[in-house]
Amino acid sequence: QSHRRMKKSKKYCDESTWKSKLITSYGVSLVLTVNLKGCENFNSVQKVVDVVPDLNLIRTLSIVDSGTSKEKVTVSANKTKLIIQGQSYLNTTIA
């Protein structure tokens, strides 16, 4: 029997998706991205919140791709200097 390996299709990742005016407006030092398509740093908002250190010294922006993220997100008061921004207020939902 011959076994063929399926080629993995390359995902098209549009880097412009991850640009934000908040980076310069708020002096953001670190940008973390969230989506389920494979072009992200993380696949859940909670994972981003968890990775940001308590009493963070640098401003961190998490950009969440458009779509619905079905998860419960808990952000403690110790998670300082964390900004979470959706790609679109009409098309980004955390439910």
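Above this note sits the structure.
I will try to describe carefully the structure that is included in this document.

### Re the overall build of the protein
The secondary structure content of the protein amounts to two helices and five strands. Relative to its 95 residues, the protein shows a buried fraction of 31%. With an accessible surface of roughly 7200 Å², the protein has 52% of that area assigned to carbon and sulfur atoms.

### Comments concerning the sheet that holds strand β4 (residues 82-86)
Spatially, β1-β2-β4 is the arrangement adopted by the three strands of the open sheet, whose pairing is parallel. Whereas interior strands pair on both sides, the edge strands pair on one side only; in this sheet they are β1 (30-34) and β4. Each adjacent strand pair in this sheet contributes to an overall mean axis angle of 20°, direction not counted.

### Re the side chain of S20
Among the secondary structure elements, S20 is positioned in the segment before α1 (22-25). Under the relative-accessibility criterion, S20 is labelled buried at 14%. Of note is the side chain of S20, whose polar atom sits 3.1 Å from the backbone nitrogen of L22. A polar side-chain atom of S20 sits 2.7 Å from a polar atom in the side chain of Q85. Not counting chain neighbours up to four residues away, the residues in contact with S20 comprise L61, I63 and Q85.

### Some details on the pattern of salt bridges
Per the stated rule, a full pass over the model turns up one salt bridge. As a salt-bridge pair, D54 and K79 come within 3.3 Å of each other at their nearest N and O atoms. Here D54, found in the loop between α2 (45-51) and β2 (60-64), pairs with K79, found in the loop between β3 (67-69) and β4; they are 25 residues apart in sequence, far enough to count as distant.

### Quick notes on a nonpolar patch on the surface
Together, L30, L57 and I58 make up an exposed nonpolar region whose accessible area comes to about 300 Å². Note on placement: I58 falls in the loop between α2 and β2.

Thresholds, definitions, all that
Residues numbered from 1 in each chain as written. Predicted model: local features only at pLDDT ≥ 70, side-chain atom pairs only at ≥ 80, totals over all residues. Heavy atoms only, no water. Helix = DSSP H or I, 4+ residues; strand = E, 2+ residues; numbered from the N terminus. Buried < 20%, exposed > 50% of the residue type's maximum accessible area, 1.4 Å probe, protein only. Areas by Shrake-Rupley, 256 points an atom, 1.4 Å probe, with all protein chains shown as cover. Pairing = 2+ DSSP bridges. Axes fitted to C-alpha atoms, helices over the stretch in contact; angles between N-to-C directions. Polar contact = N/O pair within 3.5 Å; in protein donor to acceptor, adjacent residues only side chain to side chain. Contact = heavy atoms within 4.5 Å. Salt bridge = Lys/Arg side-chain N within 4 Å of Asp/Glu carboxyl O. Patch = residues over 30% accessible without salt bridge, like charges linked within 9 Å, V, L, I, M, F, W, Y side chains within 5 Å.

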